[in-house]
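# Structural overview
Residue-level listing of the chains:
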Amino acid sequence: MKRASIPEGGQDPLSAAVVRRDRSVLDVVAEAVKHDQTLLAFQPIMQAMPPHEVAFYEGYIRVLDSTGRVIPAREFMHVVADTEIGRELDCLALQHGLRALAKSPQIRLSVNMSARAIGYSRWNKVLERFLKKDNTLGERLVLEITEASAMDTPELVIDFMDRMQKHGIAFALDNFGAGATAIGHFRDFLFDAVKIDGQFIRGLSSNYDNQAVTRALVGIAKQFDLLVVAESVETEQDAAMLVSMGVDCLQGFLYGAPMVTPPWLEDLKQRSRA
């Protein structure tokens, strides 16, 4: 079998193809940001115990390509995460989320952010502008920070959390268990909730190793009096086991996929018809 030649510059053809693909994705996202072709998709997070109502919603940033097709975050976030465009997406996600809260005072909403957003002046200006208009928005806003991002600059995150307490903003540690949160830092963080990473939740009822890990993660969270959310819940069997472990809230396709049409609006329509 003939070996593929390596072009000048030392980059093999596969790596070159990956670079071209990532550049293409970056171009699509850059155009979407430039023309504000972004929106949030909303997924319900359910109470684990009766009355099993929606505890809050999570808003996921989506971008639209030139044809209007919705592009999920998994297709672009890994490419833009450490770029200026990534910070712009943080701003847009926060802006969309705060607008949704302002329009619908009956809901509570979580929005993803990166620790890098804390030092991004435009992101802070978006937050300040909305809170200045209506300071009660903070009481219904949950900011989600991934475990990896929080541990990247823990002092910056802790200081930001401390400053936001006066606004009533809640914080959730996303992808809990996927990284390596130092317990020493964990005591200093002001998280209100943790979201157990979906890799431990999918197929939980038939995976004894994941059951052990999940119980340990729930135990750590409860020790710090944190609300526990399980992500990626897909079956009734997994949901029942999570409830038995003491999980407070459940999120996943079992309860609904992310929808670009706000699901609470449909709920209001159904109630008005009743």
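Now for a quick tour of the structure.

The rules behind the values
- Residues numbered from 1 in each chain as written.
- Predicted model: local features only at pLDDT ≥ 70, side-chain atom pairs only at ≥ 80, totals over all residues.
- Heavy atoms only, no water.
- Helix = DSSP H or I, 4+ residues; strand = E, 2+ residues; numbered from the N terminus.
- Buried < 20%, exposed > 50% of the residue type's maximum accessible area, 1.4 Å probe, protein only.
- Contact = heavy atoms within 4.5 Å.
- Areas by Shrake-Rupley, 256 points an atom, 1.4 Å probe, with all protein chains shown as cover.
- Axes fitted to C-alpha atoms, helices over the stretch in contact; angles between N-to-C directions.
- Parallel < 35°, antiparallel > 145°, perpendicular 65-115°, else oblique.
- Left-handed = near helix turned anticlockwise from the far one by under 90°.
- Nonpolar A, V, L, I, M, F, W, Y, C, P; charged D, E, K, R; others polar.
- 1 Å grid on protein atoms, 1.4 Å probe; cavity = no way out; pocket = protein on both sides within 12 Å on 5 of 7 lines; lining within 4 Å.
- Points joined across faces, edges and corners; volume = space filled by probe spheres on them.
- Phe/Tyr/Trp six-rings, centres within 6.5 Å; stacked < 30°, edge-to-face > 60°.
- Expected span 1.5 Å × (residues − 1).
- Arc of directions from axis to C-beta.
- Polar contact = N/O pair within 3.5 Å; in protein donor to acceptor, adjacent residues only side chain to side chain.
- Pairing = 2+ DSSP bridges.
- Right-handed = clockwise from strand over helix to strand, strands pointing away.

### Overview of the overall build of the protein
Looking only at helices and strands, one finds ten helices and nine strands in the protein. A burial count over the protein gives 45% of its 274 residues as buried. The long-range fraction of contacts in the protein, counting pairs at least 24 apart against all pairs at least 6 apart in sequence, stands at 65%. Counting only carbon and sulfur atoms, one obtains 53% of the accessible surface of the protein, whose full area is about 14400 Å².

### Considerations on the packing of helix α8 (residues 208-223) against helix α9 (residues 236-245)
Put simply, α8 and α9 touch, their axes get as near as 10 Å, and they point 40° apart. Looking at the two axes, α8 sits oblique to α9. Between α8 and α9 lies a crossing of right-handed hand. Residue-level inspection shows Q211, T214, R215 and V218 of α8 in contact with α9, the latter providing M241, L242 and M245. Considered class by class, the residues forming the contact of α8 with α9 number four nonpolar, two polar and one charged.

### Section: the layout of surface pockets
Of the volumes computed, that of the largest pocket is approximately 1100 Å³. E58, Y60, A73, N112 and D174 are, among the 41 residues lining the largest pocket, the residues nearest its centre. Contributions of two or more residues to the lining of the largest pocket are made by β2 (54-64), α2 (77-80), α3 (84-103), β4 (109-113), β5 (141-146), α5 (147-152) and β6 (170-176). Here the lining of the largest pocket is built from residues that sort into 13 nonpolar, 14 polar and 14 charged.

### Things to note about the packing of aromatic side chains
Following the criterion strictly, the structure yields five aromatic pairs and no others. Between F160 and F171, the aromatic rings sit 5.9 Å apart at their centres with planes inclined by 80°, giving edge-to-face as the arrangement. Residue F160 is located in helix α6 (residues 154-164), and its partner F171 is located in strand β6; the two are separated by eleven residues in the primary sequence. With relative accessibility at 0%, the residue F160 sits in the buried group.

### With respect to the environment of A178
Relative to the helices and strands, A178 is located in the loop between β6 and α7 (183-188). Sequence-wise, A178 and A148 are 30 residues apart; in three dimensions their C-alpha atoms are separated by 8.1 Å. The contacts of A178, once residues within four sequence positions are left out, are E147, D197, Q199 and F200.

### A look at α8
Residues three or four positions apart in an α-helix share a direction because the helix packs 3.6 residues into each turn. With 16 residues, α8 extends 23 Å from end C-alpha to end C-alpha; this agrees with the ideal 22 Å at 1.5 Å per step. Along α8, the positions that sit buried rather than exposed are N210, Q211, T214, L217, V218 and A221. Along α8, the residues classed as buried sweep out an arc of 130° about the axis, all on the same side. Turned more than 90 degrees away from the buried face of α8, the exposed residues are Y208, D209 and Q223. The elements touched by buried residues of α8 are β6, β7 (193-196), β8 (227-230) and α9. The N-cap of α8, judged by a side-chain oxygen 3.1 Å from the amide nitrogen of D209 a few residues on, is N207. Just downstream of α8, D225 is the residue with a positive phi angle, here 55°.

### Observations regarding the pairing of β7
Look at any regular strand and the pattern is simple: side chains alternate between the two faces of the sheet. Side chains of β7 alternate between two faces, with A193 and K195 and V194 and I196 buried alike. When β6 meets β7, the two strands line up parallel, connected through three bridges. Paired with F176 across the strands is I196, a residue of β7. Sheet topology places β7 next to β8; four bridges connect them, and they run parallel. Opposite I196, over in β8, you have A230 as the bridge partner. After leaving β7, the chain enters α8 and then returns to the sheet as β8, a path that is right-handed.

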